[in-house]
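Listed below, chain by chain, are the residues.
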Amino acid sequence: MVSQKIELLALLSKECEAYASIPTSEDRKKREKKCFINGLMTACRFVGISFEELTTIVESMPKQAEFNDLDEQLAIPTYVRNKLDIKL
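The sections below set out a description of the structure shown in this document.

## Some words on the state of the cysteines
If you walk through the whole model with that rule in mind, you get 0 disulfides. The cysteine Cys16 is free of any disulfide, with Cys44 supplying the nearest cysteine sulfur at 9.1 Å. The exposure class assigned to Cys44 is buried, which follows from its relative accessible area of 0%.

This is the structure:
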């Protein structure tokens, strides 16, 4: 079970990095990745991964410096947006 948790955390980390690398101009792709990441986070909690472990992954994500508009800010998964303290 421990190895499954590690694998799930590694997958989540990889997907978060992929999400951060998607250009903001690709709205659909960002939305799809956001939904997938939210599902992974739910799965992580279901198998017993703590919020602290999820926070570690979120904090390691590259931060996006500039946003063109509110829609770009909201394209970030809520959990990530709250942890990065992005001001709306």
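Resuming the write-up.
## Section: helix α3 (residues 51–60)
Within the span of α3, buried status applies to Leu54, Thr55, Ile57 and Val58. Viewed along the axis of α3, the buried residues span an arc of 160°, placing them on a single side of the element. Within α3, the exposed residues directed more than 90 degrees away from the buried face are Glu52, Thr56, Glu59 and Ser60.

## A short note on the pattern of salt bridges
Under the definition given, this model contains 2 salt bridges. In this structure, Glu15 and Lys33 form a salt bridge, with 2.4 Å as the shortest nitrogen-oxygen distance. You can see Glu15 sitting in helix α1 (residues 2–21) and its partner Lys33 sitting in helix α2 (residues 27–46), a full 18 residues away along the chain. When sorted by exposure, Glu15 lands in the same class as Lys33, which is buried. A salt bridge links Glu32 to Arg28; the shortest N-O distance between them is 3.1 Å.

Calculation notes
Sequence order as written defines the numbering, with residues in each chain counted from 1. Given that the model is predicted, a residue must reach a pLDDT of at least 70 before its local features are reported, and side-chain atom pairs must reach 80 or more before they are shown or counted; all residues, however, enter totals for whole chains, interfaces and linings. In computing side-chain values, all of the structure's heavy atoms are included and hydrogens and water are not. Pairs of cysteine sulfur atoms within 2.5 Å are identified as disulfides in what follows. Under the scheme applied here, a residue whose accessible area is under 20% of the maximum for its type counts as buried, over 50% as exposed, and between as partly exposed, the area being computed with a 1.4 Å probe on protein chains only. Secondary structure elements are taken from DSSP: a helix is a run of H or I of four residues or more, a strand is a run of E of two residues or more, and numbering for both begins at the N terminus. What the arc covers is the set of directions going from the helix axis to the C-beta atoms. Salt bridges are defined as contacts in which a side-chain nitrogen from Lys or Arg sits within 4 Å of a carboxyl oxygen from Asp or Glu.

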